[in-house]
Every structure is written in C-alpha cells, then in structure tokens.
Amino acid sequence: MSTRADAGQPVEYSPSKVVEGNRYGWLFVYAVLYIAFLYVPPLFLPLFSFNDSIYVAFPIKGFTFEWYRQMAKSTGLLDALYNSLKVGAVVCLASTLFGMLAAKAMTRYTMPGKGPMASFIMLPLVVPGIILGIALLVLTNQVGLELSLFTIGVSHVLICVPFGMLVLISRLEGFDKSLEEASLDLGVNAWKTFWRVTVPLALPGIIASIMLTFLISFDEFILAFFLAGNEVTLPIYIWSQLRFPAKLPSVLALGTLILTVTMVLVAVAEWIRRRGTATTKPTAG
Amino acid sequence: MADRAGVLTSPAPIVRQDSRIQRFFLRHEWARGYALLSPTLAVMVLAMCLPVFMLAAHSFWTQNYLTIDETFTLANYEQALGWLWGAEGAKPIYIRLLWKSMQISFGVTVTTLILAYPFAYFLAFKVRRNKNLWIILISVPFLTSYLLRVFTWKIILGFNGVINSGLMSLGIISEPLEFLLYNPTAVLIVLAHAWAAFAILPIYVSLEKIDRSLLEAATDLGDGPFRRFWRITWPLSVPGVIASGLLVFIPTVGDYVTPKLVGGTEGIMIGNIIQSQFGKANNWPLGSALSIVMAIAITIVVLIFLYVMSLGRVRAK
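Treat the numbers as computed from the prediction; the structure is a model and nothing was measured. (Residues numbered from 1 in each chain as written. Chains lettered and ligands numbered in written order. Predicted model: local features only at pLDDT ≥ 70, side-chain atom pairs only at ≥ 80, totals over all residues.)

Asks: Please explain the overall build of chain B as it appears in this structure.
Replies: Across its full length, chain B holds 15 helices and two strands. Rg of the C-alpha trace for chain B: 27 Å, well past the compact-globule value of 20 Å for 317 residues, more than 25% over. Projected onto the principal axes, the alpha-carbon positions of chain B cover approximately 90 × 70 × 40 Å. Within chain B, the fraction of its 317 residues that count as buried is 39%. (Helix = DSSP H or I, 4+ residues; strand = E, 2+ residues; numbered from the N terminus. Rg over C-alpha atoms; globule rule 2.2 N^0.38 Å. Buried ≥ 20, exposed ≤ 12 C-beta atoms within 10 Å, placed from the backbone.)

Asks: Would you mind going over the overall build of chain A with me for this structure?
Replies: Helices and strands together make up the secondary structure of chain A, namely 12 helices and zero strands. When the helices and strands of chain A are read in sequence order from the N terminus, they spell out α-α-α-α-α-α-α-α-α-α-α-α. In chain A, buried positions account for 41% of the 285 residues. Taking all contacts inside chain A whose residues are at least 6 apart in sequence as the whole, residues at least 24 apart take part in 77%. (Contact = placed C-beta atoms within 7 Å.)

Asks: Would you take a moment to explain the nonpolar core for this structure?
Replies: The tendency in soluble globular proteins is for nonpolar side chains to be buried as a group. Ile 134 and Ala 135 of chain A together with Ala 120, Ile 200 and Leu 290 of chain B are the most contacted members of the largest nonpolar core, which has 149 residues in total. Sorting elements by how many residues they give to this core places helix α5 (residues 93–126) of chain B first, with 15 residues. Inspection of this core shows a minimum of three residues originating in each of domain 1 (5–49) and domain 2 (76–284) of chain A. With residues near it in sequence (within four places) discarded, Ala 135 of chain A still touches Pro 51, Val 52, Met 54 and Leu 55 of chain B. (Core = buried A, V, L, I, M, F, W, Y, C linked by C-beta atoms within 7 Å. Domains from an automatic or database assignment.)

Asks: Explain the interface of chain B and chain A to me, please; I cannot follow it from the model alone.
Replies: Accessible area lost when the parts come together is the quantity often used to give the size of an interface. With 77 residues of chain B at the contact, the number on the chain A side is 76 residues. In terms of residue count, the dominant contributor to the side of chain B that touches chain A is helix α3 (residues 29–58) of chain B (19 residues). Of the residues assigned to the side of chain B that touches chain A, the class counts are 49 nonpolar, 21 polar and seven charged. (Nonpolar A, V, L, I, M, F, W, Y, C, P; charged D, E, K, R; others polar.)

Asks: Would you mind showing me how to read unusual backbone geometry here?
Replies: Excluding glycine, most residues fall at negative phi; most peptide bonds, likewise, are trans. Phi is positive for Tyr 182 of chain B, which is not a glycine, with a value near 60°. By the secondary structure assignment, Tyr 182 of chain B is in the loop between α8 (162–169) and α9 (184–194).

Asks: Got a minute to help me understand the confidence of the model for chain B in this structure?
Replies: In regions of low pLDDT, the predicted coordinates are not meant to be interpreted in detail. All names here are of chain B. Model confidence for chain B is summarised by a mean pLDDT of 84, while 92% of its residues fall at 70 or above. Element-level pLDDT for chain B is lowest in helix α1 (residues 2–9), with a mean of 48, against a maximum mean of 92 in α5. Low pLDDT, under 50, characterises residues 1–7; the stretch is placed with two contacts to residues that sit more than four places away or in other chains. Reported confidences for the modelled complex are a pTM of 0.83 and an ipTM of 0.83. (pLDDT = per-residue confidence, 0-100.)

Asks: Explain the confidence of the model for chain A to me, please; I cannot follow it from the model alone.
Replies: Residues and elements named next belong to chain A. Per-residue confidence for chain A gives a mean pLDDT of 82, with 87% of residues at or over 70. Below pLDDT 50 for its whole length, residues 1–20 participates in 22 contacts with residues either more than four positions away or in separate chains. Overall, residues 281–285 carries pLDDT values under 50, and its contacts beyond four positions in sequence, including any with other chains, amount to two contacts.

Asks: In this structure, what is going on with the domain arrangement of chain A? I would like to understand it.
Replies: Residue and element names in this part refer to chain A. Here chain A is partitioned into domain 1 (5–49) and domain 2 (76–284). In this assembly, five residues from domain 1 lie in contact with six residues from domain 2. Here the residues of the side of domain 1 that touches domain 2 are counted per class, giving four nonpolar, one polar and no charged.

Asks: What exactly am I supposed to notice about the packing of helix α6 (residues 129–143) of chain A against helix α7 (residues 149–174) of chain A here?
Replies: The relative placement of two packed helices is expressed as an angle between their axes plus a distance between the axes. All names here are of chain A. α7 packs onto α6 with a crossing angle of 140° between their chain directions and a minimal axis gap of 11 Å. With respect to each other, α6 and α7 are oriented oblique. Crossing angle aside, the handedness with which α6 passes α7 is right-handed. Within the contact between the two elements, α6 uses Leu 132, Gly 133, Leu 136 and Thr 140 and α7 uses Thr 151, Ser 155 and Leu 158. Across the contact of α6 with α7, the residue classes tally to three nonpolar, four polar and no charged. (Axes fitted to C-alpha atoms, helices over the stretch in contact; angles between N-to-C directions. Parallel < 35°, antiparallel > 145°, perpendicular 65-115°, else oblique. Left-handed = near helix turned anticlockwise from the far one by under 90°.)

Asks: How should I be thinking about the packing of α7 of chain A against helix α9 (residues 190–219) of chain A in this particular structure?
Replies: Residues and elements named next belong to chain A. The contact between α7 and α9 brings their axes to 9 Å, and the two run at 155°. Classed by the angle they form, the pair α7 and α9 counts as roughly antiparallel. Handedness of the α7/α9 crossing: right-handed. Here His 156, Ile 159, Cys 160, Phe 163, Gly 164, Val 167, Leu 168, Arg 171 and Leu 172 of α7 lie close against α9, whose contacting residues are Ala 202, Pro 204, Gly 205, Ala 208, Ser 209, Leu 212, Thr 213, Ile 216 and Ser 217. A per-class count over the contact of α7 with α9 returns 11 nonpolar, six polar and one charged.

Asks: Explanation requested: the environment of Ala 190 of chain A in the structure shown.
Replies: All names here are of chain A. Note on placement: Ala 190 falls in helix α9. Taking the C-beta count within 10 Å as the criterion, Ala 190 has 13 such neighbours and is therefore assigned partly exposed. Through-space distance from the C-alpha of Ala 190 to that of Val 90 is 26 Å; in sequence the pair is 100 residues apart.

Pasting the structure below:
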C-alpha cells in the first residue's frame with residue numbers, strides 16, 4: 001500500500017497516513033479550481049472556431065464548419081504550417097542529438113568543470129528570449145547572412161538543447177551504466193555500443209526529447225519574430241492575422257486542430273513512457 | 001562484477017598501434033568527456049556567446065540612418081540611463097519602463113507562486129496514484145499556441161467578452177466594463193496564467209523530495225499541522241520556490257507579446273521599446289544598449305534576491 005519512505009518498515013503501522021490526512025479536503029477543491037483556471041481560456045478556441053460569426057465575441061450565433069473550410073483554402077496559412085513543420089522536424093532531431101551527446105558526457109564521464117558546463121548549456125532557459133533573438137539578429141546582419149528559416153532553426157536549436165539534455169540525463173541516469181560497460185568489455189567498440197545498447201535503452205527518453213523540442217520549436221514566437229525572413233513560421237503568421245478580424249476565425253480553427261493533435265501526441269508519449277518503464281525495470285533492477 | 005570484467009579483458013588483444021592522440025584520449029577520461037561534449041558546447045558558443053558579444057559591441061556604436069557607425073561611444077547608455085544623473089536631453093521613459101516592467105514581473109511572480117504552491121503541495125502530499133496524469137493535465141494547456149492563449153484572454157476580458165456579457169445578462173452591470181482590458185492588471189493576469197505550469201513543477205519536485213519521516217517525527221513530538229508546515233515543509237521547499245520564482249521572473253521582464261496584445265498604452269513594457277528599436281524606430285545600437293541594461297538590471301535583482309534569501313536561511317539555522 002504505502003510506497004514511499006516507509007516502504008522498508010516491517011510493521012503494518014503507517015504513520016504517513018497520519019501526516020497526509022484526508023485526501024479530498026479543501027486542497028482537492030483548490031486543485032480542481034486551479035485546473036479549471038488553466039483550461040477555461042484555451043477552451044474558448046474550439047468554441048469560437050465553430051461559431052457562425054466573424055466577430056470573436058459573445059453572444060454565440062450558431063454552429064458552422066465554415067472556418068475550417070477557409071483554413072484549408074488559405075495558402076498563407078498552409079505555407080506557414082509547412083514551414084513550421086519543416087523547422088520543427090530539423091530542430092527536434094538536431095537538438096536531441098546535441099542533447100544526447102551532452103547528456104552522455106554528463107552522466108558517464110568524470111571530468112572537471114562538469115557543473116559549470118551543465119549550467120552553461122542551460123543558460124538559454126533563463127536568458128530572456130528577446131535578448132537571444134536580437135543578439136542573433138545583430139550577428140546575422142553583421143556576418144551578412146540572409147534571414148531565413150535557417151536562422152530561425154539555429155535559434156530554436158539553441159533553446160531546445162537544454163530541454164533535450166535534461167530529459168535525456170534523467171533517462172540515462174535511469175538505467176545501469178554496467179550494461180554499456182559489459183558491451184565494451186565484450187569487445188564491441190564505443191560507437192556500436194552507443195547504437196546497440198545506449199540508444200535502445202534510452203529510446204523512451206529520446207522520443208520524449210524529440211516530441212518536447214518539436215513542440216517548443218513549433219510554438220516559438222519571440223525568436224522567430226526577429227529572425228524570420230520572407231518565409232514565416234506559423235506563430236508569425238498567426239501574429240500577423242491577429243490584426244485582421246476577418247481572418248481570425250480560421251486561425252482559431254487551426255488552433256483547435258493543433259490543440260487536438262497535441263493532446264493525442266501527449267497521450268501517445270505517456271503511453272510510450274509507461275511501456276518504456278515497464279520493459280526496462282526488470283533489466284535495470 | 002570486477003571478476004567477470006577481469007576474466008573477459010585478460011586476453012588483452014591490444015596489439016594495434018595507437019597514435020599519440022588516441023592514446024591521450026584513452027588515458028584521460030575527462031578528455032573523452034569533453035570530446036563528447038564539444039559539439040554541444042560549440043553550438044552554445046556560436047549561437048549564444050558570439051551573438052551576445054556582438055550585441056554588446058553594437059551597444060557602443062551609433063546608427064546613421066541605414067548604416068552603423070562603428071566608433072566607440074557611450075551615447076546610447078547615456079540616452080538610456082542619463083536621466084538618473086541628469087544628463088542633458090536624456091528622457092526618463094526608459095528607466096520608467098524598466099522599473100514598471102520589473103514591478104509587473106514581480107507581481108506576476110508573486111501571484112503565480114501563491115497560486116501554484118497549494119497545487120504543488122496537493123500533488124506532492126495528497127495525490128497517491130497517477131501523479132503523472134495530474135502533471136500532464138497541467139501541462140497540456142501550455143502546449144497550445146502561446147499567442148492564441150494570450151488572445152483568448154482578449155475574448156474573456158474584452159468589451160464584448162465573456163465577463164462583460166456574462167455580467168450584463170445577469171443584470172449586474174448595464175454598460176460593459178472597460179477597465180478589464182488594456183492595462184497593467186490585464187498583463188499581470190495573462191502572464192500569471194501563461195507561466196502557471198512552470199511555477200508548479202520546481203515547487204512540486206522540492207516538496208516531493210522531503211523525507212516523510214521528518215514530518216512524522218514532528219507529529220510524534222507534538223507539532224500541529226501548521227507548526228509542522230512552517231518549521232519543516234516550508235523551509236525545505238524554499239529552494240523550489242526560489243527556482244520557480246526565477247523561472248517566471250526572468251523571462252517575463254522582457255516579454256513584449258502580452259503587453260502588446262492586452263496591455264494597451266499603459267501596459268507597455270521595456271520589451272516593446274527594445275523591439276521597436278529593431279523595427280519602426282530603427283535604432284539598433286540604442287536597442288542593443290537597452291537590452292544590455294535590461295539584462296544587467298535583471299541580473300542585479302536576481303543576485304540581491306538570492307543574497308537576501310541566503311541571509312534568511314543562515315539566520316534560520
């Protein structure tokens with residue numbers, strides 16, 4: 001029954017129950033209200049995406065699929081969506097690769113200055129996005145590069161690497177280092193060991209990292225705003241449409257679709273994670 | 001373990017001729033570690049350090065319409081901060097905006113922490129099964145577009161918004177309330193909503209790590225729930241609270257999306273001014289100087305905050 005600190009106790013007596021008290025007290029009520037506070041605003045997206053009025057305001061008029069039809073016809077929107085998917089695909093693979101290299105170095109090697117190096121790699125998490133954005137803009141301009149999807153991609157890799165590294169460090173710490181050592185001892189070289197032992201064992205973490213970094217890149221606005229050239233990503237397109245009320249409902253339709261796809265992806269990720277822990281536990285323990 | 005490894009490696013087939021470099025890497029573990037780390041470090045240096053260095057350099061230059069004059073000058077900093085020491089022609093607007101941004105961000109941080117703490121406490125102490133489900137539940141809304149999330153607040157707070165039409169249909173008000181949107185309070189509400197999940201997680205982790213036997217000991221020694229919370233749970237969760245606070249405070253100071261969408265003219269923050277220097281105002285060096293000033297100001301505030309917290313904790317011991 002009790003799984004935490006008292007797991008090792010031989011007697012039935014479970015003091016943590018005394019400490020934890022009743023479960024459905026006022027805190028539970030608060031938690032439900034908090035969840036409502038988080039969910040209510042985003043849920044207006046689907047509501048108004050089906051509303052038969054060009055004005056995104058109350059009262060609600062009637063039900064329509066018109067905005068979804070308009071969305072499917074809007075070339076600007078589809079181009080932006082395609083660009084975002086392209087950037088996101090490259091960024092999630094690149095940042096997961098860099099995150100993996102860093103995570104492997106952080107968890108498997110003893111080296112001086114490891115702590116400061118980890119903090120250094122995590123700096124983009126605490127530097128305001130606007131500073132990274134204009135700094136990259138200034139550099140791009142100084143070097144004479146054109147602003148393009150490439151510059152957006154570079155900035156996204158920068159902010160995604162820390163997330164990838166954190167996810168993968170926790171995964172690599174989760175399984176036994178001796179599995180890799182056994183492979184090396186058996187004469188398999190480091191590269192093959194990495195592909196045949198480390199990667200398969202870290203796979204749930206790798207998938208989690210790819211999904212997380214893709215979602216970050218897909219939704220990133222502040223950096224892309226400064227670094228976009230002629231081709232824009234989806235958030236930039238949405239930003240430009242927020243000024244034109246006539247285009248808004250189709251943007252909301254798109255937002256609803258993205259929300260749905262995201263929820264499905266998150267559910268799949270959780271399912272993979274659960275399967276991952278279920279299959280690796282016997283070997284690791 | 002050592003046995004097995006010893007047996008297996010004893011045939012020692014190392015006959016190949018290693019080069020000097022290979023031998024160096026074989027002999028030094030730290031060298032292999034850094035070799036593995038180097039691509040990531042290179043990305044960080046090229047995409048972060050170098051650009052920030054260029055940004056700092058820019059802040060000492062001057063804009064001449066379309067070209068940039070690269071002679072060293074402190075004029076941009078004088079324009080940004082000169083009001084403090086009464087420099088001629090320096091406007092107070094930059095200092096005031098920076099101060100206002102700090103205030104708004106501080107308000108956002110305090111609000112999110114107060115709202116998030118009970119939830120994190122609930123998650124750490126009351127939820128026994130499916131904790132992950134709750135964590136996913138709080139993070140899903142944050143995977144929708146940030147822009148659209150901010151925009152939905154316009155639907156809620158706006159002239160024909162949810163609150164106004166709701167109150168009017170109930171007959172509580174006869175005219176829509178106009179003070180809901182386009183002011184600093186609206187910015188605060190929207191930012192507090194946008195950063196909620198980020199505040200919960202570090203607090204939750206620090207609460208989850210607390211050894212439950214400490215709480216049991218306190219109860220056994222006669223502490224009531226409030227004393228126990230105040231003397232054990234709260235002090236041990238302070239690191240998480242600090243981490244959450246910094247995670248919210250630092251990025252919100254420079255935010256320009258939320259103020260632009262829901263802040264109106266009163267709700268403008270320093271980020272909007274910096275952004276306009278790279279847009280309409282087209283004065284990159286001044287924009288660079290302002291962003292450097294902002295970064296330094298944030299760093300100073302964070303350091304003071306951490307120093308004060310460390311003083312408090314030393315005294316508590």
